[in-house]
Every structure is written in structure tokens, then in C-alpha cells.
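Here's the letter readout for the chains.
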Protein chains: 2
Amino acid sequence: MRNVAIVGAGMTKFGERWDKSFQELAIEAAKRALEDAGMDLKEIDALYIGNNAAGRLIGQEHVAGVVADSLGVTIPSTRIENACSSGSVALREAFYAIKSGIFNKVLVIGVEKMTDTPRSLTFEMLLTGHDSLWEGVFGFMPAAGYALLARAHMCKYGTKKEHLSMVAVKNHRNGAKNPYAHFQREITLERALGAPMIADPLNLFDCSPISDGAAAVILTAEEFARKYTDVPVYIIGSGQSSDSLTVHGKRDLTTIDSVVTSARMAYSMAGVEPKDIDVAEVHDCFTIAEIMVIEDLGFVEKGKGGKALEEGITEIGGKIPVNPSGGLKARGHPVGATGIAQSIEIFWQLRQEAEGRQVSNAEIGLSENHGGIGATGSVMIYSLSSNPRR
Amino acid sequence: MRNVAIVGAGMTKFGERWDKSFQELAIEAAKRALEDAGMDLKEIDALYIGNNAAGRLIGQEHVAGVVADSLGVTIPSTRIENACSSGSVALREAFYAIKSGIFNKVLVIGVEKMTDTPRSLTFEMLLTGHDSLWEGVFGFMPAAGYALLARAHMCKYGTKKEHLSMVAVKNHRNGAKNPYAHFQREITLERALGAPMIADPLNLFDCSPISDGAAAVILTAEEFARKYTDVPVYIIGSGQSSDSLTVHGKRDLTTIDSVVTSARMAYSMAGVEPKDIDVAEVHDCFTIAEIMVIEDLGFVEKGKGGKALEEGITEIGGKIPVNPSGGLKARGHPVGATGIAQSIEIFWQLRQEAEGRQVSNAEIGLSENHGGIGATGSVMIYSLSSNPRR
């Protein structure tokens, strides 16, 4: 099968975007990606749309149709919904559509409009990513779920509250250098530690925000890539896996099994190992998630995720920089857009375009995106070379 | 690329299924499909789930995760949402995943749980398939949209109220012979014509019902197909296209452009023409839709859809039998399941397993599924031979 490259990327500023509708956000990101690739919309063969909850939030399902209609195209448009991993799963469908030769050029758009809606709907929407029969019906929120995982990780591995806050401090420091980030201000460790409690041990600064935003990338086959850019970024590995939606259904509260499995698939397809990864964007919906995931991806030994923060190895300039964009914590988390925004950060990092937050000499990158507490895991690996094993 | 076959199919009875949850419906359909193929769940490489509105209806997004969790598998599971065409678009993603060699065996499940929910949510959900900014916000319901199309078709082509009712009579007659149908009773033309008005000219018997149900098929590559069945049914063509969500955005109120385009793609891929189709399942969400679609698929000349009903050519035994299952009108319309149920009816018809409603000597079949008033169109063509052109 053919090699697949990202040849253009664009995103909106993430944040409280009361100035833009769902449709306008999607169009803005799409136009920027097309401009970036120097590609005409007419060249695009198909759209894949990542979106989690427009049905609940803005009374709009059929968002694949809405986006195609807003762009004025009649090409196939397909909407993927896999909770917080909707963006990366949409990207994966598009990746395979190009890889297998079904389409030559695909535009993938992740979009979510979360703030310009009654707050009660946002609460309802947050419940829909959990199991409605076992958890949602009882008002079990994402923060409650991750608080349980955090407490288990603390008990089993001695992870401390300070480690959680260090994730927030690092990601806010990175986000302060990202003009697309929802939050662009640094915070101190003291401020992070002293924030109001949300779900013990997670406080306000352990939680990613409710954001609006859209992100778009253009994929094409290697044979067409150089027509659009001198520096294509290849997707060389992809893995996706499922696990229980419920906390009680998890094999181990301190591991996200679907991320472990997806990572294994992606590393195997790419022919690389954790030590080969130069930069990573991971799903830090809550600070504990980043700590668990850097273990599950094999960047550090299981249980040493907290210590990694102390050692600074996940800082820009560290051994394995994690979330140079600011992550979900500071860049924001417009759910359907998140997985695509992660890919865009890696695209920019590998192309040396991440001004102010650039990781030096990054050639291979990874993005990790999961839904709920890991019912869907999705990992992708990117490289400047279509075959870095050579 | 490889040829793709359906080797197993199963569905639940459609109707008001207060006895079964969303999860139970999905599992029941999946188990029947696996039993039909004599396949173990462990052999399945991936799940594709077609679902429109579980987020609105039962407070559950991330339904790909829910279904994987309920089945107890950790394989990739991807949810497609394209309004009323969610099922067929999920099938198309799975079709391409097999065709391109990404996976060898895929289980596709369409599922919707619509009745066991507050009626107000059902009304809200019906609005979400329209454009929320231009139509949904004003309470513009699907029946209202199709009523406008019906009136336009009547004005332009002389289609009569009786023609609409004839669709209902035919499809109820067929549904009466389908043990899976929501409605299994015949109706007379007088009764259909005299039913209470919903949105002039559409009355109660011109509208498909609100149903619960699930439907599942198993796809594999030609090289594995005979291991599971002596009579695989090949998917030989697929087309998908987009169009405006809004009535005011349509080029012509009497044509569903996305169906015309999708049909052209599917016929071209399959190398067949409308006259080669022996049996079709089409998206008769409202009776006028069947009349328009049999024209748009090329079975009859544009404007002659009403007359086709008079002539009986779409009856079982007619020149081109349409909706032998009873269609959405009588089999019911659990939205995400509908596209898969159409495929299953064609699977059974080509295998001569549609007891009591069998079309004689059917070798090539077609299914047509569209979302909203045609913002997504999706057409698939099936054959007993992997290459009927030979």
C-alpha cells in the first residue's frame, strides 16, 4: 500500500469562540489547511469529520453533511464519533483511505463548538462519553473518573499531588508560546497546587478546559506530496483499540490498556520503538492522564510517570518532550478537534515551524488520543521520512 | 484491490422494543450475524458501528466503545454518524477496509434505540438531521421537508396523492411477509388515503415509523468467503455523495442530487446499469422519497415514479421489485440500523432466503440510503458473482 503524507495543516485559535459558529470554525480551519498546501478545494476527493457531540451541544447531527454544505462541495463526507478520540479516529480512516488508493487527496476536519450553549447541555454532554447505564445516569463526570485513576496511581506508585501540578505548570508554560492555545499564561506550582478542588485529588488546574475550535489537515499519497510541499510529514504508524467504558470494567486502574495496545500496533507498523520518538502530543484531559500515558507509551517505566516530571525529561529540551503545544490542558480541548490539533503540532514540530516552542532536531513524532477513560485508544506515528527504518 | 463479500447477516425484530436496551439490540444482531457465518467473534478484526442519535436519545455518545465493551472485545471500533445514512456509510467504510487489505474480517452493526425515551427527545432528535441554524431552530421536521418535495413533484410531474398511498400499500403488503418488520399488517388504499394529515400532502401512512432495532453483517475478502458460506454476496459497487442540508439549498426540489451522483459512482464501479438490477431496497422514509429515488436511480424516467406504482413494476414480481422487505415504511426505521437492514434484505434476496417475499432469479441487487433530504446519499450494488461483467 502507498505511503501517506500530511501536506497541509491549519487550525483556528482554540478558546471561547463566541464570535464563530460551528460551521465558521470548520471552514476557517479547512481554508487554512488548503492555503498551507497551496491546494484548491476542488482537488479534494473526500472529507472526514471528527466531532463528538454537536447533536447534544448545538442540536446538529449529520455534521458531515453540514460541513460539506458549508464548504460547497458534493464529495463524500463522513463523520466519525469516538468521544474524545473522534479526531484521531477520523484521521485514521482518512489515512487508510489514501493508503489503500481509494482516494488521492482527503481533507480531515475536527471541530467542536462547546461554549456558546446552555451550561446544562455541556454537563449532559460530558456524561455521554461514559457508560450511560452504569455511570452517566448517576452523574458520573470525567473528572470523577480520572480522580479514581489518580488515587489508584498514587496508592500503587507513590505519585504525588505535586506531580499532577507539575504537568499543569509544564503544559501552561508551553501553551504560553502557542498562539492557538486557549490559555497562554504561565502558572506557578504554588498556584496550581492551591487551586479549588474539583474531584479529589484533581483540582481546577488538573482539568483541561471546555473549548471551541477546529483543526484540519490534508492527506495525500507520497507520489503527489512534493507537488504541495517540500517537507511532507508521513504518517508511518497507526493503532486503534477498545476497552471498557466503565471504571469498574478496567483491568487495572493505573494503566490505559487501549493506549498500550494501540501503541504496540503503531510502533510495529512504523518499525520504531519508544526511544526513537523525538516529540509527542498526548491526551492530558486531566494531568494524571499524561502521567499514565507516558508510561503506557513506553517513554518511562510503569509507575515512573510522576518522577519523569520531577526530572524534567518531558520538557521542551528534555529527553522526550511531551505536549509542546500546551496539550489539552493549555491549548484547550474542543473535543472533536483535539486529535487533529495533536497531529498539526507534530507536523509543525517535524517541519521546524513551532516557533517559540520548537523541539530541536525532531524527526519522528507521536500523537496519542483516547476517548473517555480509554474505551477508545488511538496512537499515530509521524516521520520526515516515509520509511525511517531504511 | 480485493473483492469483498458479505458472508453473514443478522438482525433483531424492528419495532417498539421496550424489552431490549441499545446494547442488547446491538449484541443480538451481532450474534445472529456471527452464527449465520459460523464465525467466532475472536476472528473479527474490527467493528464499524452505524448510529445516528444515541447522544440525544439515550445520553450515550462513544457508542463504538459501548458496543465493543458489550461484546467484550478490544479490537478497533469506529462509529459513523451520517444521519439516516449512518448504516450504509459505516458499511462503506468497512467495505473499503476489507477491499484495501487493512482488515480481513469486519463486523458492521447498525443500531438505534428510539422509543424508550421521552417523546420530547425524539422530537429534538428529528430536528438534528436538518440544518440547525436554518431549519432545526424553527422546528422544521423531516415530514415538513418531504411535504415540500412532494408538493413540488406533484406540481411539476402530475404525481397524485394516490401514488403516495400506493407506495404505502405496496410496502405494507411486503412488510406483512417479513417477520422482522415493525408493521406486519396490510393496509387498503382507502385506509392509506384517509389517514390523518401530518404535513400536507403527507399523511400518517406516508411516514415511516419511529423504531428500535439493530442489524449486522460480516464482511470478508473473496479469498476467505467460501470458508463461511457457499453463497457469498459480493459488494461490487459503492457511491457516496453530499448535497445541501436545507430545502432552500437544493438545486431542484424534485430530485435528490446526492442519490443521482452516488448511483452513478456505484454503477460505474460495478460495471452495471439500472436495467441490470433485479431487486432494490430504497430509502422510503416518506412515500414521496421512494417515488423520487426510483427515478434518480434510473429505474424509471424522471417524473414517472408515480406512474410506476400504477403499473406495478416495483411490486415483487414486477420488472424492478423495490422494497420487498417492506422498506422503512413497514419494516421500520431505527435510523442507524436502516442502511444495514437494506443490505441484509438484498443478501437474503440474492441467496433466495427471503421466504414469502422472494424475488425470483435475483442475481444483482441495489440498496439506496440517504440522510436528511439528501445531504448524504449512499448507494451500494451487490451480486452473487464477484465480477458479473464477465
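For clarity, every value in this text was computed on a predicted model and none was experimentally measured.

### Looking at the overall build of chain A
A tally of helices and strands in chain A yields 14 helices and 11 strands. Here the C-alpha radius of gyration of chain A, 19 Å, is about what a compact globule of 390 residues would show, namely 21 Å. Expressed along its principal axes, the backbone C-alpha trace of chain A runs to roughly 55 × 50 × 35 Å. A burial count over chain A gives 64% of its 390 residues as buried. Sequence-distant contacts in chain A: of pairs separated by 6 or more residues, those separated by 24 or more amount to 78%.

### Some details on the pairing of strand 8 (residues 233–242) of chain B
Successive side chains on a regular strand alternate, one facing one side of the sheet and the next facing the other. Residues and elements named next belong to chain B. Summarising burial for strand 8: 10 of the 10 residues are buried, a large majority. Judged from the 3 bridges that link them, strand 1 (residues 4–11) and strand 8 form a sheet pairing that is antiparallel. Its bridge partner lying in strand 8, valine 4 is registered against isoleucine 235.

### Some thoughts on the interface of chain A and chain B
Note: interface size is frequently given as the accessible area lost on complex formation between the parts. With 54 residues of chain A in contact, the opposing surface of chain B contributes 54 residues. Counting residues per element, the ones that place at least two in the side of chain A that touches chain B are helix 2 (54–57), helix 3 (63–71), strand 3 (77–80), helix 4 (86–99), helix 5 (119–127), strand 8 (233–242) and helix 10 (257–270) of chain A. Among the elements that line the side of chain A that touches chain B, the one with the most residues is helix 3 of chain A, at 5 residues.

### Focus on the domain arrangement of chain A
Residue and element names in this part refer to chain A. Splitting chain A by domain gives domain 1 (4–119 + 210–225) and domain 2 (139–209 + 236–383). Once you take the C-alpha centre of each, domain 1 and domain 2 turn out to be 23 Å apart. Between domain 1 and domain 2, the residue contacts involve 34 residues of the former and 30 residues of the latter. Within the residue set of the side of domain 1 that touches domain 2, elements represented by two or more residues are strand 1 (4–11), helix 4, strand 4 (105–112) and strand 7 (213–221). Broken down by element, the side of domain 1 that touches domain 2 gets its largest block of residues, 7 residues, from helix 4.

### A closer look at unusual backbone geometry
Proline 201 of chain A follows aspartate 200 of chain A through a cis peptide bond whose omega is 10°. By the secondary structure assignment, proline 201 of chain A is in the loop between strand 5 (197–199) and strand 6 (202–203). The phi dihedral of alanine 83 of chain B is positive, around 50°, even though this residue is not glycine. Inspection of the secondary structure assignment puts alanine 83 of chain B in the loop between strand 3 (77–80) and helix 4 (86–99). Judged by the 28 C-beta atoms lying within 10 Å of it, alanine 83 of chain B falls in the buried class. A positive phi angle is found at asparagine 323 of chain B, which is not glycine, with a value near 60°.

### Re the packing of helix 1 (residues 22–37) of chain B against helix 3 (residues 63–71) of chain B
Residue and element names in this part refer to chain B. Where helix 1 meets helix 3, the closest approach of the two axes is 10 Å, and the angle between their N-to-C directions is 65°. Here helix 1 runs over helix 3; the crossing is right-handed. On helix 3, the residues touching Gln23, Ala26, Ile27 and Ala30 of helix 1 are Val66, Val67, Ser70 and Leu71. Here the contact of helix 1 with helix 3 is built from residues that sort into 6 nonpolar, 2 polar and no charged.

### Concerning the relation of the copies chain A and chain B
Screw-axis analysis of chain A against chain B gives a translation of 0.0 Å along the axis, an RMSD of 0.0 Å, and a rotation angle of 180°. Here the symmetry operator amounts to a two-fold rotation axis. By residue overlap, the copies meet face to face through one surface: 100% of the interface positions of chain A are interface positions in chain B.

### Some points on the nonpolar core
Grouped together as the largest cluster of nonpolar side chains are 267 residues, with contacts concentrated most on Val108, Ile109 and Ala216 of chain A together with Val108, Ile109 and Ala216 of chain B. The residues contacting valine 108 of chain A, other than those within four sequence positions of it, are Tyr48, Ala90, Leu91, Ala94, Ala216, Val217, Leu219 and Ile340 of chain A.

### Some thoughts on the packing of helix 6 (residues 142–157) of chain B against helix 11 (residues 287–296) of chain B
Residues and elements named next belong to chain B. Helix 11 packs onto helix 6 with a crossing angle of 55° between their chain directions and a minimal axis gap of 9 Å. Classified by the angle between their axes, helix 6 and helix 11 sit oblique to one another. Both helix 6 and helix 11 take part in a crossing whose hand is left-handed. Here Tyr146, Leu149, Ala150 and His153 of helix 6 come into contact with helix 11, specifically with Ile288, Ala289, Ile291 and Met292.

### As for the confidence of the model for chain A
When pLDDT is averaged across chain A, the result is 97; 100% of the residues are at 70 or more. Note on the complex model: pTM 0.97, ipTM 0.97.

### What to know about the environment of serine 21 of chain B
In this fold, serine 21 of chain B is placed in the loop between strand 1 and helix 1. On the neighbour-count criterion, serine 21 of chain B (17 C-beta atoms within 10 Å) is partly exposed. Each C-alpha atom of the pair serine 21 of chain B and aspartate 116 of chain B lies 8.6 Å from the other, and the pair is 95 residues apart in sequence. When near neighbours in sequence (up to four residues on either side) are disregarded, serine 21 of chain B contacts Leu133 of chain A together with Lys113 of chain B.

### Describing the environment of methionine 154 of chain A
Residue and element names in this part refer to chain A. With respect to the element layout, methionine 154 can be found in helix 6 (residues 142–157). Each C-alpha atom, one on methionine 154 and one on isoleucine 210, is 26 Å from the other, the two residues being 56 residues apart in sequence. In contact with methionine 154, other than residues within four places in its own chain, are Thr159 and Pro201.

### Some thoughts on helix 14 (residues 335–350) of chain B
Residues and elements named next belong to chain B. In this model helix 14 runs 24 Å from its N-terminal to its C-terminal C-alpha over 16 residues, within 8% of the 22 Å that 1.5 Å per residue would give. Where burial is concerned, most of helix 14 is hidden: 16 out of the 16 residues are buried. Where helix 14 terminates, the next one or two residues include glutamine 352, which has phi positive at roughly 60°.

### Here we look at the environment of glutamate 112 of chain A
Residues and elements named next belong to chain A. On the secondary structure map, glutamate 112 appears in strand 4. Judged by local crowding, glutamate 112 falls into the buried class, with 34 C-beta atoms found within 10 Å. Residues glutamate 112 and valine 335 lie 223 residues apart in sequence; the distance between their C-alpha atoms is 5.9 Å. Other than its neighbours up to four places away in sequence, glutamate 112 contacts Asn51, Asn52, Asp212, Gly213, Pro334, Val335, Gly336 and Ala337.

Rules used in this analysis
Residues numbered from 1 in each chain as written. Chains lettered and ligands numbered in written order. Predicted model: local features only at pLDDT ≥ 70, side-chain atom pairs only at ≥ 80, totals over all residues. Helix = DSSP H or I, 4+ residues; strand = E, 2+ residues; numbered from the N terminus. Rg over C-alpha atoms; globule rule 2.2 N^0.38 Å. Buried ≥ 20, exposed ≤ 12 C-beta atoms within 10 Å, placed from the backbone. Contact = placed C-beta atoms within 7 Å. Pairing = 2+ DSSP bridges. Domains from an automatic or database assignment. Axes fitted to C-alpha atoms, helices over the stretch in contact; angles between N-to-C directions. Left-handed = near helix turned anticlockwise from the far one by under 90°. Nonpolar A, V, L, I, M, F, W, Y, C, P; charged D, E, K, R; others polar. Least-squares fit on C-alpha atoms with pLDDT ≥ 70 in both. Core = buried A, V, L, I, M, F, W, Y, C linked by C-beta atoms within 7 Å. Parallel < 35°, antiparallel > 145°, perpendicular 65-115°, else oblique. pLDDT = per-residue confidence, 0-100. Expected span 1.5 Å × (residues − 1).

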